[in-house]
Amino acid sequence: MLVHDTVGTTRPQAEIDQIRQSLQARYDELTAEYDQAVLQSQVLRLVEVGDTAGDDQADSGTKTAERDTAQSLLRTILDRRAQYEHALGRLEEGTYGWCEGCAAAIPVERLEIFPAATTCVSCKQTRERRAA
């Protein structure tokens, strides 16, 4: 799934096209998922506006929690979609499949599990340790 193999030669165009199709398909799925989540969020808000009479603190708290969950879902979907958009950009630049941290090839197995990966496992672990 790498654009380049470990000796630096370019993969066949058919393979690059297959990677592009896979990344684009997932991006499109996330876009549809986002659009659906936005609609659900709007419906939730409309229900809240029309259904507040007689609410006690528990009802208000539940509605706030539901609203926060919906917003969190929207942010998560947007973040994931941005990762795939970045991967598509890297594919066009010819840098897809190479670690942004150390410039080593990202193992094919990692890209198969997480196609939008931008770092090798070692660099990812280093970033996570620094963030903790």
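Up top is the structure.
Per chain, residues are indexed from 1 in the order of the written sequence. Whole-chain, interface and lining totals are the exception, using all residues; otherwise, since this is a predicted model, local features are given only for residues with pLDDT of at least 70 and side-chain atom pairs are given and counted only at 80 or more. Values shown for side chains rest on all heavy atoms present in the structure; no hydrogens or waters enter the calculation.

**Q** Would you take a moment to explain the overall build of the protein for this structure?
**A** Each helix corresponds to a stretch of at least 4 residues labelled H or I by DSSP, and each strand to a stretch of at least 2 residues labelled E; elements are numbered beginning at the N terminus. For the protein, the count of helices and strands is 4 helices and 0 strands. Burial status follows relative accessibility: with a 1.4 Å probe on protein chains alone, a residue under 20% of its type maximum counts as buried, one over 50% as exposed, and anything between as partly exposed. Here the protein holds 132 residues, and 27% of them are scored as buried. Only heavy atoms matter for contacts: two residues are in contact if any of them lie within 4.5 Å across the pair. Relative to all contacts within the protein whose residues are 6 or more apart in sequence, the contacts with residues 24 or more apart total 51%. The accessible surface values rely on the Shrake-Rupley method and a 1.4 Å probe; as for residues, cover is taken only from the protein chains in view. Surface accessibility of the protein: about 8,400 Å² in total, with carbon and sulfur atoms responsible for 53%.

**Q** In this structure, what is going on with the packing of aromatic side chains? I would like to understand it.
**A** Each aromatic ring pair is summarised here by two numbers: the centre-to-centre distance and the angle between the ring planes. Aromatic contacts are taken between Phe, Tyr and Trp rings whose centres are within 6.5 Å, Trp giving its six-membered ring; a plane angle under 30 degrees counts as stacked, one over 60 as edge-to-face, and the others as tilted. Counting across every chain of the model gives 0 aromatic pairs. The cationic tip of Arg81 hangs over the ring face of Tyr34; the distance from NZ or CZ to the ring centre is 5.4 Å. Two conditions define a charge located above a ring, namely a distance within 6 Å from the ring centre to NZ of Lys or CZ of Arg, and an angle within 35 degrees of the ring normal.

**Q** Even after reading the chapter, I still don't get the pattern of salt bridges, so can you show me in this structure?
**A** Here the idea is simple: oppositely charged side chains can pair when their charged atoms come close. Any Lys or Arg side-chain nitrogen located within 4 Å of an Asp or Glu carboxyl oxygen qualifies as a salt bridge. Tallied over the entire structure, the rule returns 5 salt bridges. Across the pair Glu29 and Arg26 runs a salt bridge, and its minimum N-O distance is 2.9 Å. Remark: Arg26 and Glu29 occur in helix H1 (residues 13–50); sequence separation between them is 3 residues, near one turn of the helix. On the basis of relative accessible area, Glu29 is assigned to the partly exposed category, the value being 45%. With a closest N to O distance of 3.8 Å, Lys124 and Glu128 form a salt bridge. On the criterion of helical spacing, the pair formed by Lys124 and Glu128 is a turn pair, its members being 4 residues apart in helix H4 (residues 121–131). When salt bridges with common partners are traced through the structure, they connect Asp17, Arg20 and Glu92 into a single cluster.

**Q** Help me out: how do you make sense of the side chain of Ser41 in this one?
**A** Note that Ser41 resides in helix H1. Those residues in contact with Ser41, other than ones at most four positions away along the chain, are Ala70, Gln71 and Leu74.

**Q** What should I look at first to understand the nonpolar core in this one?
**A** Considering soluble globular proteins, one finds that nonpolar side chains tend to be buried as a cluster. The criterion is simple. A nonpolar core is a set of buried Ala, Val, Leu, Ile, Met, Phe, Trp, Tyr and Cys residues joined through side-chain atoms within 4.5 Å. Core analysis: the biggest nonpolar cluster contains 20 residues, and Leu23, Tyr84, Leu91 and Tyr96 have the highest contact counts within it. When residues of this core are traced back to their parent elements, those giving at least two are H1 and helix H2 (57–93).

**Q** Can you walk me through the environment of Arg81 in this structure?
**A** With respect to the secondary-structure elements, Arg81 resides in helix H2. Distance in space between the C-alpha atoms of Arg81 and Ala116 is 9.5 Å, their sequence separation being 35 residues. Setting aside its immediate chain neighbours within four residues, Arg81 contacts Tyr27, Leu30, Thr31 and Tyr34.

**Q** Hey, could you run me through the side chain of Thr119 in this one?
**A** Tracing the chain through its elements places Thr119 in the loop between helix H3 (108–113) and H4. The contact partners of Thr119, leaving out residues within four places of it in the chain, are Cys99, Glu100, Gly101, Ile106, Arg110, Lys124 and Arg127.

**Q** Honestly, unusual backbone geometry in this entry has me stumped. Any pointers?
**A** Most of the time, phi is negative for any residue but glycine, and the peptide bond is trans. With phi around 70 degrees, Ala103 is a residue other than glycine that occupies positive phi space. With respect to the helices and strands, the residue Ala103 is situated in the loop between H2 and H3.

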